[in-house]
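For reference, the chains in residue letters:
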Amino acid sequence: MRKDVPMFFDEKVHVTFDDVLLATGLCDVDSRSEIDLTTQLPKGYSLGLPVMTAAMDTITSLDMARAIVEEGGAVVHHRNQSVNARVAMLRELSEHPEVVEKRAINGTAVGLGIDVEDVERLLDAGANLLCIEVAHAFMPAVAETVNRIGPMCKQHEALLMVGNFSSVKATRWLREETDDLVDLVKVSQGGGSCCTTRIRTGIGKPTLQSVIDLVRSDTPYTVIADGGIRTSGALAKALAAGACAGMLGGMLSGTRETPGEVIYQGERAYKHFRGMASRDAKEAVADEIKNVEGISTLVPYKGPVSQVLEQIRDGLQGSVASTGFENLRQFQQGAQFIRVSKSSQIESLPHAEFLKKDPSYHQAADA
Ligand code: 5GP
């Protein structure tokens, strides 16, 4: 069959986190702990730490929300729970003095079917961010939902986030269909740690490239990087590309504050972690199981999430200092990438372990 389209194969190399490193710069701060990691969001909101919890039912709980907000991050409650349950959590958190004082992001995911009465209840309970959360947001039902609930968000001065997208074409479409109701877009598709979308459907785009493409386009939206951020270094790269914050699932998984019990297997402790499109998660909320695009697994128990967040903060401060900037804002605007080879990717990982297996590495050099 002949293809009558001008180009059906985009030859650009689309990069992801491991394909690049941050170029170093003159470090002019006495201590990296001085580095300010505040990031600005639309409508006068800000984050003291540029992270959001993934709206997943094995990640976000009230305990997680409290811990994240305490460190300056944002919470997005998942939608595998009733509106009543979300209202209770939002209310509880919005009465927490820290949330009020910091104007912290107390958000919740919503689906396409959400009705306006429920949206009103969520907003009245203190939600200051609603996230229309679907696997593929480039579809008319998303625009319809934005147009239905967007004016309500505006009235409450709440942020409206929509995801997930992975192309400039999609976000231009969103803008045409929805005027200026959307504040933030979440990218990309298929990169999540529990995700099987790329395997099952063949669609997707590397998360870092989606951020790069969008930030360098004419988009009016603030960009959130979502999916595949496995380390503080990867988060730093997403921010260096111009993302305002990173949404984290896998990195927060297994921590004390995630929903569910610690599971012991012999001496080892684990917690359950599952994709929201996994069979497991779908069985919990629906009778009909279709479009399974996620996995369910056990992950090692990590202890308090504050330790993970502390490592993230320390890592990000190191990124900003070593690239020659004084704060995150400067870093987001000025950081530079270098592309690296496959062998540099191996060099980037700790490799002293190889010696244990094959001492000839060093002996050969000594000979
Ligand atoms: P992570 O930080 O774990 O790499 O990625 C988290 C993101 O993965 C979530 O915010 C969401 O966008 C995406 N995600 C969560 N569950 C699933 C799933 O079951 N399937 C797919 N395709 N994506 C998922």
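Relevant structure appears above.
Caption draft 1: Inspection of the packing of helix 5 (residues 140-155) against helix 6 (residues 168-178) at higher detail. Where helix 5 meets helix 6, the closest approach of the two axes is 10 Å, and the angle between their N-to-C directions is 45°. If you check the angle between helix 5 and helix 6, you find them oblique. In the packing of helix 5 onto helix 6, the handedness of the crossing is right-handed. Counted together, Pro140, Ala143, Val146 and Asn147 of helix 5 and Trp173, Leu174, Glu177 and Thr178 of helix 6 form the full contact between these two elements. Here the contact of helix 5 with helix 6 is composed, by residue class, of five nonpolar, two polar and one charged.

Caption draft 2: Quick look at the environment of serine 166. With respect to the helices, strands and loops of the structure, serine 166 is situated in the loop between strand 8 (159-165) and helix 6. Since its relative accessible area comes to 12%, serine 166 is described here as buried. Residues within four places of serine 166 in sequence aside, it is in contact with Ser188, Gln189, Lys205 and Ser210. One polar contact links serine 166 to glutamine 189, side chain to side chain, over a distance of 2.8 Å.

Caption draft 3: A look at the layout of surface pockets. Estimated volume of the largest pocket: approximately 1200 Å³. Taken together, 45 residues make up the lining of the largest pocket; nearest its centre are Glu133, Val134, Ala135, Met276 and Ala277. Mapped by element, the contributors of at least two residues to the lining of the largest pocket are strand 11 (245-248) and helix 10 (279-285). Classifying every residue of the lining of the largest pocket by side-chain character gives 19 nonpolar, 17 polar and nine charged. Roughly 870 Å³ of internal volume is contained in the second largest pocket.

Caption draft 4: Main features of a nonpolar patch on the surface. A surface patch of nonpolar side chains, about 350 Å² in accessible area, is lined by Val5, Phe8 and Phe9. Looking at the element boundaries, valine 5 is found in the segment before strand 1 (20-22). With a relative accessible area of 44%, valine 5 lands in the partly exposed category.

Caption draft 5: A look at the sheet that holds strand 14 (residues 296-300). Judged by pairing direction, the sheet is antiparallel, and its three strands sit side by side in the order 12-13-14 without closing on themselves. Looking at which strands have only one partner, the edges of the open sheet turn out to be strand 12 (263-265) and strand 14. The average angle at which neighbouring strand axes cross in this sheet is 45°, direction not considered. Two strands pair when backbone bridges link them, and strand 12 and strand 13 (residues 268-274) are joined in this way by three bridges, in the antiparallel orientation. Within strand 13, the position partnered with isoleucine 263 by the bridge is tyrosine 270.

Caption draft 6: Region of the structure containing the sheet that holds strand 6 (residues 106-110). With parallel pairing, eight strands are arranged side by side in an open sheet as 4-11-10-9-8-7-6-5. Each edge of the open sheet is held by one strand with a lone partner, namely strand 4 (51-53) and strand 5 (75-77). In this sheet, adjacent strand axes meet at a mean angle of 30° when their direction is disregarded. Strands strand 4 and strand 5 of the sheet are contacted by helix 1 (residues 62-70), whose axis makes an angle of about 160° with strand 5. With respect to the sheet, helix 5 is in contact with strand 6, strand 7 (129-133) and strand 8, its orientation differing from that of strand 8 by roughly 160°.

Cut-offs used in this document
- Residues numbered from 1 in each chain as written.
- Predicted model: local features only at pLDDT ≥ 70, side-chain atom pairs only at ≥ 80, totals over all residues.
- Heavy atoms only, no water.
- Axes fitted to C-alpha atoms, helices over the stretch in contact; angles between N-to-C directions.
- Helix = DSSP H or I, 4+ residues; strand = E, 2+ residues; numbered from the N terminus.
- Parallel < 35°, antiparallel > 145°, perpendicular 65-115°, else oblique.
- Left-handed = near helix turned anticlockwise from the far one by under 90°.
- Contact = heavy atoms within 4.5 Å.
- Nonpolar A, V, L, I, M, F, W, Y, C, P; charged D, E, K, R; others polar.
- Buried < 20%, exposed > 50% of the residue type's maximum accessible area, 1.4 Å probe, protein only.
- Polar contact = N/O pair within 3.5 Å; in protein donor to acceptor, adjacent residues only side chain to side chain.
- 1 Å grid on protein atoms, 1.4 Å probe; cavity = no way out; pocket = protein on both sides within 12 Å on 5 of 7 lines; lining within 4 Å.
- Points joined across faces, edges and corners; volume = space filled by probe spheres on them.
- Patch = residues over 30% accessible without salt bridge, like charges linked within 9 Å, V, L, I, M, F, W, Y side chains within 5 Å.
- Areas by Shrake-Rupley, 256 points an atom, 1.4 Å probe, with all protein chains shown as cover.
- Salt bridge = Lys/Arg side-chain N within 4 Å of Asp/Glu carboxyl O.
- Pairing = 2+ DSSP bridges.

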